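The residues making up each chain are set out below.
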Amino acid sequence: MWMALSYASWGISIVLALWMLYDWFKVDTTFSEEVLTSSREGELEAVSEKHRI
Amino acid sequence: MTVTLEPAVHGDRVSLLRVLGPAHVWALGVGIVLVGEFTGWNFAADKGGALAALIVCWVVGLLYTSVAMIDSEVTSTVAAAGGQYAQAKHIVGPLMAFNVALFLVFAYTMLEVSDAILLGDTIVAKAGVEGLTHNSFIAATIVVLAWLNYRGVLMTLNVNFVITAIAYISIVILFFSVSPWTQGAVLKLNELVTPGNALPYGWIGVIAAFQFGIWYYLGIEGTTQAAEEVRSPARSLPYGTMAGMITLLIAAAMTWYVCASMMPWEYLGITYYPLWDAGKLTGSPLLENLLFIATLLAALASANGCINDAARAWFSLGRDRYLPTWFSAVHPKYRTPYRSILFLLPIALAFAFIADLNQAITFSILSGVLQYTFMSINIVMFRKKWPLGSIRRGYTHPFHPLPAIVLFCLCVVTFFAIFLGFGSQLIAMVAFYFLISLWFHFYRYRFVRRGDQFTMPWPKPQGY
């Protein structure tokens, strides 16, 4: 049973790793780099925080 | 073909998703740490005896209470992914921030590696099958958890909450199963810890035990990495972090009491599975299996939280151009820093296959203590530059500057303890951070847009 579990672990690892690589390729070829890297630190804070004491 | 994103958040921008609450913050912090109760803390007994392991449990508990208090105040004000990195950037400066981010990435990646090795070794020890190695289990741990992190932070931390809670409850069940209110039936503390063997190496043994006492609580500060993904950072982060610290103090005390009352310090100090062994020693197959499963779940929860935190620190470095901006990509559907997760995945796998557990743990602890040292200095600068009343804080920690002084002093003691055990690694690591700082200062910083990196809408600091 343990050996079967070991082989299953290899199998799951390979399948999920391939899925992530496929999804990565799909996302990077579908969306522009400007959109993907558009996150900015403190964006929500700039809107909501007025820092009035 | 290039298309514009439809479900955009700010026009055509994609950012991390604010979906987490205090329970997720608790799950992140306690999830990373709890594995330390299942293995790690007990090596303190090897350094200084069972009583030394208890003393460091309390004293290091004080160190981490200071960490939690300080962190809660600063993070409830600087609520950004990257946690202590974002704090350092705004309060100390870019070079410190770069180093702090590396401390974070190293501490969490090496802890993830240690967790995966522990999980693999635990399964191999349980199976007892000739020819079975830990490699497949290590690979599955790292890849499956990376996939979970890739798919979204909410599911990742929901899973962490459930498995951390099960692991924690197993400690409570073990504690009450051994009749903790009576001595002699199952527990034999008065026989195993006597005045003659309580501190076999004297007080220098207590100092040396600090190195592994860190394991009781290592990683609780990781809660701050969720700052950009919690719905209400000013409330959720202090609440989740403080609740996590209280939970861990209780778990650490229960763990020590049960283990020190069932195993002689000579064995307790060298076993890799103190709680699982305690479960075996009760003679109950149910408890033995429960503690085996809990050990695996604790390792999984820790590795899961570490992947989350290391990826956010790396992502933040990319976003500020401290590293190539390529790393700052956010997945448009899952809203996770997917490139950072994928980049760190093979690094973790490589270390897990080539490094041994002791090396990985030592690098993690060293990076963690460097980070705590920074935090003690950081809070003093924060209070000086922006005194109480000058900016809004979600939480204000009491007795300042006492926690900062306590934290700094205990860090110095811990560095000395690490030097006693792993002096060459300590020197090598400090040399590494020094060289990488030179690279950042003389080469990389020219790519940073200096005005863009300071994002908090604060008034000018006092004295500037």
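Residues numbered from 1 in each chain as written. Chains lettered and ligands numbered in written order. Predicted model: local features only at pLDDT ≥ 70, side-chain atom pairs only at ≥ 80, totals over all residues. Heavy atoms only, no water.

Looking at an unreviewed UniProt entry, one finds chain B named Transporter and attributed to Mesorhizobium kowhaii. Turning to chain B, the UniProt annotation filed under Subcellular location (unreviewed entry) states: "Membrane". (UniProt positions renumbered as here; feature names shortened; annotations may be inferred.)

## What to know about the side chain of Thr224(B)
Residue and element names in this part refer to chain B. Relative to the assigned elements, threonine 224 resides in the loop between helix H10 (202-213) and helix H11 (233-260). Exposure remark for threonine 224: the relative accessible area of 2% places this residue in the buried category. Reaching out from threonine 224, the side chain makes a polar contact with the side chain of glutamine 84 at a distance of 3.2 Å. Setting aside residues no more than four positions away along its own chain, threonine 224 makes contact with Asp71, Thr75, Ala80, Gly83, Gln84, Gln87 and Leu237. (Helix = DSSP H or I, 4+ residues; strand = E, 2+ residues; numbered from the N terminus. Buried < 20%, exposed > 50% of the residue type's maximum accessible area, 1.4 Å probe, protein only. Polar contact = N/O pair within 3.5 Å; in protein donor to acceptor, adjacent residues only side chain to side chain. Contact = heavy atoms within 4.5 Å.)

## Comments concerning the interface of chain B and chain A
At the junction of the two partners, chain B supplies 59 residues and chain A supplies 36 residues. For the pair chain B and chain A, the summed buried area comes to about 4200 Å², and 63% of that belongs to carbon and sulfur atoms. Inspection of the chain B/chain A interface yields 3 salt bridges. For the pair chain B and chain A, the number of links is 14 residue pairs in polar contact (both at pLDDT 80 or more). For the side of chain B that touches chain A, the secondary structure elements donating two or more residues are helix H5 (84-91), helix H6 (94-127), helix H7 (135-151), helix H14 (285-319) and helix H15 (338-354) of chain B. Looking at the side of chain B that touches chain A, the element that brings in the most residues is H7(B), giving 11 residues. In terms of residue class, the side of chain B that touches chain A is made up of 34 nonpolar, 14 polar and 11 charged. (Buried area = accessible area lost by both parts, 1.4 Å probe. Salt bridge = Lys/Arg side-chain N within 4 Å of Asp/Glu carboxyl O. Nonpolar A, V, L, I, M, F, W, Y, C, P; charged D, E, K, R; others polar.)

## Quick word on the nonpolar core
Leu34(B), Phe38(B), Tyr64(B), Tyr216(B), Tyr217(B), Trp256(B) and Tyr372(B) are the most contacted members of the largest nonpolar core, which has 172 residues in total. Residues Val35(A), Val14(B), Leu16(B) and Val330(B) belong to the second largest nonpolar core, which totals 6 residues. (Core = buried A, V, L, I, M, F, W, Y, C linked by side-chain atoms within 4.5 Å.)

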